[in-house]
2 protein chains.
Amino acid sequence: MDVKYPLRKVNFTFEVNELRNRIKDLRLVYDLTQDELAEKLEVSRQTIISLEKGRYNPSLILAYKISRVFMCRIEDVFIFEEGNENG
Amino acid sequence: MDVKYPLRKVNFTFEVNELRNRIKDLRLVYDLTQDELAEKLEVSRQTIISLEKGRYNPSLILAYKISRVFMCRIEDVFIFEEGNENG
DNA sequence: TACAAATGTAAAGTGTGCTTGACATTCAGA
DNA sequence: TCTGAATGTCAAGCACACTTTACATTTGTA
């Protein structure tokens, strides 16, 4: 990336209050079982269950791999419920 | 999401061999110090240093917050070097 | 009914993302 | 020079993403 001029500073901070996802829906669209999806992603079936239940904030690489299996972007799979300090 | 018909199964698995990012460049474009960026993201300065040096695979929420500070998408900040089993 | 496949829960263990604190190095400006 | 801001290293510790195993529940179907 070629940096010419600094832009003015952004004066926001961002909070992500909740992370939801469409993994279960997408998995059904693609006709995959939890086991099959786990195998494609090279994670355990427990990980799929926990993700589908929204139990945790996955690593970026795992999120990316999920989005690739479903042939879309990360933001199409994961929904970030957001608030910021200024509103 | 309204699931009507399952699509045919994808028969790929995905490997992410390397994760690079443009955080340092973007930080300079926005004229932020590591300290300032850390404060916006509510992480430590060490975390920024380690991220810029590519030392780890951040959580999805942190990756998302970074992309929002820089007003772009996750895939604009992070570069996934990819290979898959089928070639 | 009975069986198998798919989904789910529980619980203990491991690896790593991220923190904290202390200190070193670089570099621009007075 | 000297000083302070910015960047960097190192190391110990904690929280949680992810694994593994074992077993329970649901659901479709012969």
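Refer to the structure above for everything that follows.
Residues numbered from 1 in each chain as written. Chains lettered and ligands numbered in written order. Predicted model: local features only at pLDDT ≥ 70, side-chain atom pairs only at ≥ 80, totals over all residues. Heavy atoms only, no water.

For the rest of this paragraph, the subject is the packing of helix α2 (residues 34-41) of chain A against helix α3 (residues 45-52) of chain A. All names here are of chain A. Two numbers describe how α2 lies on α3: the axes approach to 8 Å, and their chain directions differ by 110 degrees. On the basis of the axis angle, α2 is roughly perpendicular to α3. For the pair formed by α2 and α3, the contact residues are Q34, D35, L37, A38 and L41 on the first element and R45, I48, I49 and E52 on the second. The class makeup of the residues in the contact of α2 with α3 is 5 nonpolar, 1 polar and 3 charged. (Axes fitted to C-alpha atoms, helices over the stretch in contact; angles between N-to-C directions. Helix = DSSP H or I, 4+ residues; strand = E, 2+ residues; numbered from the N terminus. Parallel < 35°, antiparallel > 145°, perpendicular 65-115°, else oblique. Contact = heavy atoms within 4.5 Å. Nonpolar A, V, L, I, M, F, W, Y, C, P; charged D, E, K, R; others polar.)

This part takes up the nonpolar core. With 48 residues, the main nonpolar core has F78 of chain A together with F78 of chain B as its most contacted residues. For F78 of chain B, the residues in contact, after removing those within four places along its chain, are L60 of chain A together with L19, R20, N21, I23, P58, A63 and I66 of chain B. (Core = buried A, V, L, I, M, F, W, Y, C linked by side-chain atoms within 4.5 Å. Buried < 20%, exposed > 50% of the residue type's maximum accessible area, 1.4 Å probe, protein only.)

Around DNA strand C sit 19 residues, and of these Q34 and Q46 of chain A together with S44, T47 and Y56 of chain B come closest. Taking all atoms of DNA strand C within 4 Å of the protein, the share assigned to sugar and phosphate is 61%. Within the side chain of R45 of chain A, one N or O atom sits 2.9 Å away from a base oxygen of DNA strand C. Q46 of chain A is positioned such that a nitrogen or oxygen atom in its side chain is 2.6 Å from a base oxygen of DNA strand C. Looking at the surface near DNA strand C, the elements that each hand over two or more residues are α1 (23-29) and α3 of chain A together with α3 (45-52) of chain B. Element by element, the count of residues in the surface near DNA strand C is highest for α3 of chain A, at 3 residues. Its residues placed into classes, the surface near DNA strand C shows 5 nonpolar, 8 polar and 6 charged. (Near = heavy atom within 4 Å. Polar contact = N/O pair within 3.5 Å; in protein donor to acceptor, adjacent residues only side chain to side chain.)

Let's shift gears to the protein's contact with DNA strand D. Not every one of the 19 residues close to DNA strand D is listed here, only the nearest: S44, T47 and Y56 of chain A together with Q34 and Q46 of chain B. Counted by atom, the contact set of DNA strand D within 4 Å of the protein is 62% sugar and phosphate. Counting residues per element, the ones that place at least two in the surface near DNA strand D are α3 of chain A together with α1 (23-29) and α3 of chain B. In terms of residues, the surface near DNA strand D owes the most to one element, α3 of chain B, which gives 3 residues.

This part covers the packing of aromatic side chains. Inspection of every chain in the model, using the stated rule, returns 4 aromatic pairs over all chains. Taken together, a centroid distance of 3.7 Å and an interplanar angle of 5 degrees make the contact between Y64 of chain A and F80 of chain B stacked. With Y64 of chain A in helix α4 (residues 60-69) and F80 of chain B in strand β2 (residues 78-84), this pair bridges two chains. The exposure classification of Y64 of chain A matches that of F80 of chain B, with both residues buried. Note on Y30 of chain B and F70 of chain B: the rings are 5.4 Å apart at their centroids and 35 degrees apart in plane angle, and the pair reads as tilted. Of the two residues, Y30 of chain B sits in the loop between α1 and α2 (34-41) while F70 of chain B sits in the loop between α4 (60-69) and α5 (74-77), which places them 40 residues apart along the sequence. Of the residues examined, Y30 of chain B reaches a relative accessible area of 8% and is grouped as buried. (Phe/Tyr/Trp six-rings, centres within 6.5 Å; stacked < 30°, edge-to-face > 60°.)

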